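Spelled out, the chains give:
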Amino acid sequence: MPTALITGITGQDGSYLAELLLSKNYKVIGMVRRSSTLTFERIQHLQDDIEIIQGDLHDQSSLMDLLEQHKPDEIYNLAAQSFVPTSWNQPVLTGEVTGLGVTRMLEAVRLISPKTRFYQASSSEMFGKVREVPQRETTPFYPRSPYGVAKMYGHWITVNYRESYNLFSVSGILFNHESPRRGLEFVTRKITYGAARIKLGLAKELRLGNLEARRDWGFAGDYVEAMWRMLQADQPDDFVVGTGETHSVREFCEKAFGHLGMDYEQYVVVDPRFYRPAEVDLLVSDPSHAKNVLGWQPQVNFEGLVRMMVEADIKRLGKEIA
Ligand code: NAP
Ligand code: F7E
């Protein structure tokens with residue numbers, strides 16, 4: 001039975017990845033940071049099957065102890081300060097966790113468990129003000145937020161440890177991926193939750209920022225499969241993962257409200273408070289390397305994703321009301 005350590009197991013991706021690895025008979029260890037309230041909502045249903053250990057990407061010795069005790073075969077480093085707007089308010093914290101945290105984990109691997117395969121959760125935010133359309137592994141980076149800058153550091157340190165120490169460390173450059181478990185502050189979930197609230201008479205409007213930004217949105221459940229495949233490959237390598245399609249925030253609104261029989265233009269209010277100091281206008285992936293080498297392809301398309309999220313929010317809110 002292989003052992004996998006997931007940092008960020010309480011997050012959206014961590015919960016789907018834990019489900020996937022359990023279905024493949026892994027022993028799953030989840031690293032969680034100490035907090036005064038529990039943040040286990042997404043993994044509540046898995047708690048009997050996974051082992052939860054305290055640790056924090058700020059704290060080198062907690063990571064070393066974890067590896068010493070469990071010597072995992074695979075590490076999925078998903079923990080991060082992952083919300084882009086927060087990275088302008090807390091740039092140093094974002095650099096510490098999202099950037100330097102990767103080095104702390106890689107140092108623990110190098111010193112204690114160098115045979116462990118390591119996955120780093122890199123991001124399409126590194127492409128930022130895009131230099132090429134679509135974006136692929138060789139596209140130059142131009143990050144537009146402290147988050148994107150921190151992820152770039154995490155990406156290159158992962159590549160550097162592979163080349164310097166011969167570690168099996170890979171960087172998955174994932175485009176936006178969403179689900180009914182997405183945090184409420186991210187735009188897709190904000191829209192599906194907001195539309196569902198309006199439909200059920202719990203709200204009258206939804207305030208958003210830039211409706212023209214375009215993203216390559218996929219389903220998180222598909223993307224954790226790509227992470228796993230990267231660590232099963234013969235050689236460590238970096239991969240872009242996305243759908244190859246791009247849609248605007250406006251189109252997402254249109255589809256989500258439309259699915260509930262509503263016209264988004266009657267409810268969505270553009271609020272400059274949600275504009276960013278620097279925007280990423282257009283993201284669209286070329287995932288052909290992942291397709292050719294890993295045999296990976298997304299299963300859920302844009303329409304299917306919006307429908308899944310809207311229906312889940314309607315159901316959840318309906319239950320709460322009842
Ligand atoms: P998420 O839902 O925000 O989850 C982030 C996780 O990191 C949470 O479990 C959080 O724990 C944990 N965490 C934060 N700071 C930590 C620290 N100092 N020590 C230990 N754990 C810490 O993010 P996600 O959407 O699942 O994304 C997973 C990873 O992929 C992130 O690294 C993100 O930046 C990256 N990524 C995401 C996307 C996307 O579209 N979702 C695309 C590309 C890359 P708490 O529960 O305690 O807050
Ligand atoms: O914004 C626009 C906003 O916050 C998407 C993270 O998982 O994916 C995510 O980062 C777009 C932006 O995601 C609102 O200006 C308009 O252009 O959902 P988001 P993100 O910034 O793309 C990448 C790949 C990651 O790695 C990150 O961890 O939507 N937008 N109005 C809005 N965005 C938000 N949040 N709220 C609004 O009201």
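**Student:** Give me the packing of helix H6 (residues 187-199) against helix H8 (residues 249-259): which residues, what numbers.
**Tutor:** At a minimum axis separation of 10 Å, H6 and H8 run at an interaxial angle of 30°. Relative to H8, the element H6 lies roughly parallel. Between H6 and H8 lies a crossing of right-handed hand. The residues of H8 that touch H6, namely those facing Val187, Thr188, Ile191, Thr192, Ala195 and Ile198, are Val249, Phe252, Cys253, Ala256 and Phe257. Here the contact of H6 with H8 is built from residues that sort into 9 nonpolar, 2 polar and no charged.

**Student:** Break down the packing of aromatic side chains for me, citing the residues and quoting the values.
**Tutor:** Going through the model one piece at a time under the given rule, you end up with 12 aromatic pairs. Plain terms: the ring middles of Phe141 and Trp156 are 6.2 Å apart, the flat faces sit at 65° to each other, and that makes the pair edge-to-face. Of this pair, Phe141 sits in the loop between strand S5 (117-123) and helix H5 (146-165) while Trp156 is found in helix H5, placing the two residues 15 residues apart along the sequence. According to the relative accessible area criterion, Phe141 is buried, its value standing at 17%. Classification of Trp156 by relative accessible area gives partly exposed; the value is 46%. Between the aromatic rings of Tyr161 and Tyr165, the centroid separation amounts to 4.9 Å while the plane-to-plane angle is 65°, which identifies the pairing as edge-to-face.

**Student:** Any chance you could break down the environment of Phe168 for me, citing the residues and the numbers?
**Tutor:** When you line up the elements, Phe168 lands in the loop between H5 and strand S6 (169-174). Sequence spacing of Phe168 and Glu74 is 94 residues, and the spatial spacing of their C-alpha atoms is 9.6 Å. In this structure Phe168 touches Thr116, Arg117, Phe118, Met230, Leu231, Ala233, Asp234, Gln235 and Pro236, once residues within four positions along its chain are discounted.

**Student:** Kindly report on the sheet that holds strand S3 (residues 50-54), identifying the contributing residues and their values.
**Tutor:** An order of S3-S2-S1-S4-S5-S6-S11 is seen for the 7 strands of this open sheet, with the pairing classed as parallel. Each edge of the open sheet is held by one strand with a lone partner, namely S3 and strand S11 (239-241). Taken pair by pair, the neighbouring strands of this sheet meet at an average axis angle of 25°, ignoring direction. Bridge analysis of strand S2 (residues 27-32) against S3 gives 5 bridges, and the strand direction is parallel. Note on S3: the bridge partner recorded for Ile29 is Glu51. Sheet strands touched by helix H2 (residues 60-70): strand S1 (3-7), S2, S3 and strand S4 (74-77). Its angle to S2, the strand with the most contacts, is close to 165°. Packed onto the sheet, helix H7 (residues 220-232) meets S4, S5, S6 and S11 and runs at close to 140° relative to S4.

**Student:** Account for the domain arrangement of the chain, naming residues and giving values.
**Tutor:** What the domain assignment lists for the chain is domain 1 (3-177 + 218-241) and domain 2 (183-216 + 245-321). Relative to domain 2, the C-alpha centre of domain 1 lies at a distance of 24 Å. Across the boundary between the two partners, domain 1 contributes 34 residues, which contact 28 residues of domain 2. Across the interface of domain 1 and domain 2, roughly 2700 Å² is buried in total on both sides, 64% from carbon and sulfur atoms. Of all residues in domain 1, Phe83, Arg144 and Asp222 bury the most surface against domain 2, accounting for 19% of the area lost on that side. Taken together, the links from domain 1 to domain 2 amount to 1 salt bridge. Summed over the shared surface of domain 1 and domain 2, the number is 9 residue pairs in polar contact (both at pLDDT 80 or more). Put simply, the parts of the chain that give the side of domain 1 that touches domain 2 at least two residues each are helix H3 (84-89), strand S10 (218-219), H7 and S11. Sort the elements by how many residues they give to the side of domain 1 that touches domain 2 and H7 lands first, with 6 residues. In terms of residue class, the side of domain 1 that touches domain 2 is made up of 17 nonpolar, 6 polar and 11 charged.

**Student:** Go over empty space enclosed by the protein with me, naming the residues and quoting the values.
**Tutor:** Under the defined criterion, the tally for this structure stands at 1 cavity of 30 Å³ or more. Taken as a whole, the largest cavity encloses approximately 30 Å³ of empty space. Looking at which domains feed residues into the lining of the largest cavity, each of domain 1 (3-177 + 218-241) and domain 2 (183-216 + 245-321) supplies at least three.

Calculation criteria
Residues numbered from 1 in each chain as written. Chains lettered and ligands numbered in written order. Predicted model: local features only at pLDDT ≥ 70, side-chain atom pairs only at ≥ 80, totals over all residues. Heavy atoms only, no water. Axes fitted to C-alpha atoms, helices over the stretch in contact; angles between N-to-C directions. Helix = DSSP H or I, 4+ residues; strand = E, 2+ residues; numbered from the N terminus. Parallel < 35°, antiparallel > 145°, perpendicular 65-115°, else oblique. Left-handed = near helix turned anticlockwise from the far one by under 90°. Contact = heavy atoms within 4.5 Å. Nonpolar A, V, L, I, M, F, W, Y, C, P; charged D, E, K, R; others polar. Phe/Tyr/Trp six-rings, centres within 6.5 Å; stacked < 30°, edge-to-face > 60°. Buried < 20%, exposed > 50% of the residue type's maximum accessible area, 1.4 Å probe, protein only. Pairing = 2+ DSSP bridges. Domains from an automatic or database assignment. Buried area = accessible area lost by both parts, 1.4 Å probe. Salt bridge = Lys/Arg side-chain N within 4 Å of Asp/Glu carboxyl O. Polar contact = N/O pair within 3.5 Å; in protein donor to acceptor, adjacent residues only side chain to side chain. 1 Å grid on protein atoms, 1.4 Å probe; cavity = no way out; pocket = protein on both sides within 12 Å on 5 of 7 lines; lining within 4 Å. Points joined across faces, edges and corners; volume = space filled by probe spheres on them.

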